Amino acid sequence: MDLIQRQMRLVLLFFMTWLAAATADAQNSNSCGLMVMAHGGGDQWNTAVETAVMPLREEFPVAIAFGMADPVTMNAAVTELEEQHVGCIAVVRLFMSAHSFLHQTEYLLGLREDPPAFFISHGSQAHHGSKLLPLDLSTRVKISETALLDAPEMGEILAANALALSDSSGTESVLIIAHGAGDDKVNAEWIQKLDLLADSIRSTGLFSEVAVHSLREDWEDKRAKSQKEIRQFVETHSQDKDRTIVLPFRLYGFGPYEAVLEGLAYRSNGRGLLPSPAVTEWIRRTANELFLELEEIASAE
């Protein structure tokens, strides 16, 4: 092969590589990416979320923003997706309640102009909202308006966990414990939605009673009352050893409930909603709903 032929081959190879990259960029620019927002925790907690999200990476660009609407991790996730030249971003908030960090999230993503009164960071009211600036976005964004309390798939997980722990005697009771909220109205909404999910357990007909409680764990005065009620339920329904099954309505793990129930007889595997393919399915379903809404908005413009 002479010099001219080699040069022509290199030029052709360069052109084909450029064309493939340009085609991929064009395809991505017409598609949406997914940002999953999750509270974040230790290595096992974060790994459980990453494992749940993993199958979705084969379907569309995905980035995870750990933290409670943390602007640093959110910005990194947006940058990661925009570098893949997505045309829009669906934001699925993997939180228990749809209220969780909603105002802060909307503000940071430029979906509302008024900053939150306080910027929530790692459980503390760390910075006054006026010091925050929205993220620098060049992509249309749509966020989920529902959360895990709204997802019927979570009821299926609770039922599966209860059945896995049951002795099928029909005499056991089930207690579902959730984080809860400080505001009484919002906490009542937690209880109402959690009770609807608990119907998945009741429908099995295998348990004498299924109850839900919120610990309200970040509000000391309200937590003391809730903790007393939770312990009283377990004491009352555990006259015989291990006749109460305790299920944590948490994304991962048992949280503080082992300490709350210290000294009482109950049965639990300490397992939250993860690992479960149902969580992955909920993320996928919610993302696809947002993708459709984003597509409709783009078509209307």
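Residues numbered from 1 in each chain as written. Predicted model: local features only at pLDDT ≥ 70, side-chain atom pairs only at ≥ 80, totals over all residues. Heavy atoms only, no water.

*Asks:* Can you lay out the overall build of the chain for me, pointing to particular residues and giving the numbers?
*Replies:* The helix and strand inventory of the chain stands at nine helices and nine strands. Out of the 301 residues belonging to the chain, those deemed buried represent 45%. Per element, the accessible surface of the chain, about 15600 Å² overall, is 53% carbon and sulfur. (Helix = DSSP H or I, 4+ residues; strand = E, 2+ residues; numbered from the N terminus. Buried < 20%, exposed > 50% of the residue type's maximum accessible area, 1.4 Å probe, protein only. Areas by Shrake-Rupley, 256 points an atom, 1.4 Å probe, with all protein chains shown as cover.)

*Asks:* Break down the sheet that holds strand E7 (residues 173-178) for me, citing the residues and quoting the values.
*Replies:* Taken in spatial order, the three strands make up an open sheet running E8-E7-E9, and their pairing is parallel. Each edge of the open sheet carries a strand with a single partner, namely strand E8 (209-214) and strand E9 (244-249). Each strand of the sheet is rotated relative to its neighbour by a mean of 20°, with strand direction disregarded. Against the sheet, helix H6 (residues 184-202) makes contact with E7, E8 and E9, and its axis sits at roughly 155° relative to E8, the strand it touches most. (Pairing = 2+ DSSP bridges. Axes fitted to C-alpha atoms, helices over the stretch in contact; angles between N-to-C directions. Contact = heavy atoms within 4.5 Å.)

*Asks:* Tell me about the packing of helix H5 (residues 152-165) against helix H9 (residues 277-300), and name the residues and values.
*Replies:* Contact geometry of H5 with H9 gives a least axis separation of 9 Å together with a crossing angle of 180°. Taken together, the axes of H5 and H9 lie roughly antiparallel to each other. When H5 is examined against H9, the residues Pro 152, Glu 153, Met 154 and Ile 157 are found in contact with a partner set consisting of Ala 278, Val 279, Trp 282 and Arg 285. (Parallel < 35°, antiparallel > 145°, perpendicular 65-115°, else oblique.)

*Asks:* With reference to specific residues and values, describe the pairing of E9.
*Replies:* When you tally the buried positions in E9, you get six out of six residues, the bulk of the element. With burial as the criterion, each face of E9 is covered, one bearing Thr 244, Val 246 and Pro 248 and the other bearing Ile 245, Leu 247 and Phe 249. Pairing between E7 and E9: six bridges, direction parallel. Of the residues in E9, the one forming a bridge with Val 174 is Ile 245.

*Asks:* Summarise the side chain of Arg 93; cite the residues concerned and give the values.
*Replies:* If you trace the backbone, Arg 93 turns up in strand E3 (residues 88-94). This buried residue, Arg 93, is left without a salt bridge; Glu 106 holds the nearest opposite charge, at 7.0 Å. The contacts of Arg 93, once residues within four sequence positions are left out, are Met 37, Ala 98, Ser 100, Leu 102, Thr 105, Ile 143, Ser 144, Glu 145, Thr 146 and Trp 282. (Lys, Arg positive; Asp, Glu negative; His and termini not counted. Salt bridge = Lys/Arg side-chain N within 4 Å of Asp/Glu carboxyl O.)

*Asks:* Could you give me a rundown of the layout of surface pockets, with the residues and numbers involved?
*Replies:* Each pocket or cavity is described by its volume, and for the largest pocket that value is around 1100 Å³. If you go around the largest pocket, you meet 35 residues; those closest to its centre are Ser 100, Phe 101, His 179, Asp 218 and Trp 219. When contributions to the lining of the largest pocket are tallied by element, the ones reaching two or more residues are helix H4 (102-108), strand E4 (118-121), strand E5 (124-128) and H6. In the lining of the largest pocket, the residues fall into 17 nonpolar, 14 polar and four charged. (1 Å grid on protein atoms, 1.4 Å probe; cavity = no way out; pocket = protein on both sides within 12 Å on 5 of 7 lines; lining within 4 Å. Points joined across faces, edges and corners; volume = space filled by probe spheres on them. Nonpolar A, V, L, I, M, F, W, Y, C, P; charged D, E, K, R; others polar.)

*Asks:* Explain the nonpolar core to me, using residue names and the numbers behind them.
*Replies:* Counting 55 residues, the largest nonpolar core has Ile 176 and Phe 249 as its most contacted members. Here this core takes eight residues from H9, the largest share from any one element. If sequence neighbours within four positions are ignored, Phe 249 has contacts with Met 96, Leu 148, Leu 149, Met 154, Leu 158, Ile 176, Ile 177, Ala 178, Leu 194, Leu 197 and Leu 273. In this structure, Met 35, Met 37, Ala 65 and Leu 108 belong to the second largest nonpolar core, which totals 21 residues. (Core = buried A, V, L, I, M, F, W, Y, C linked by side-chain atoms within 4.5 Å.)

*Asks:* Provide a residue-level description of unusual backbone geometry, including the pertinent values.
*Replies:* Here the bond from Leu 274 into Pro 275 is cis, since omega is 5°, no more than 30 degrees from zero. By the secondary structure assignment, Pro 275 is in the loop between helix H8 (257-260) and H9. For Phe 101, which is not glycine, the phi torsion reads 55° and is therefore positive. Within the secondary structure, Phe 101 sits in the loop between E3 and H4. In this model, Ser 168 sits at a positive phi of 60°, which is unusual for a non-glycine residue. Mapped onto the elements of the fold, Ser 168 is located in the loop between H5 and E7.

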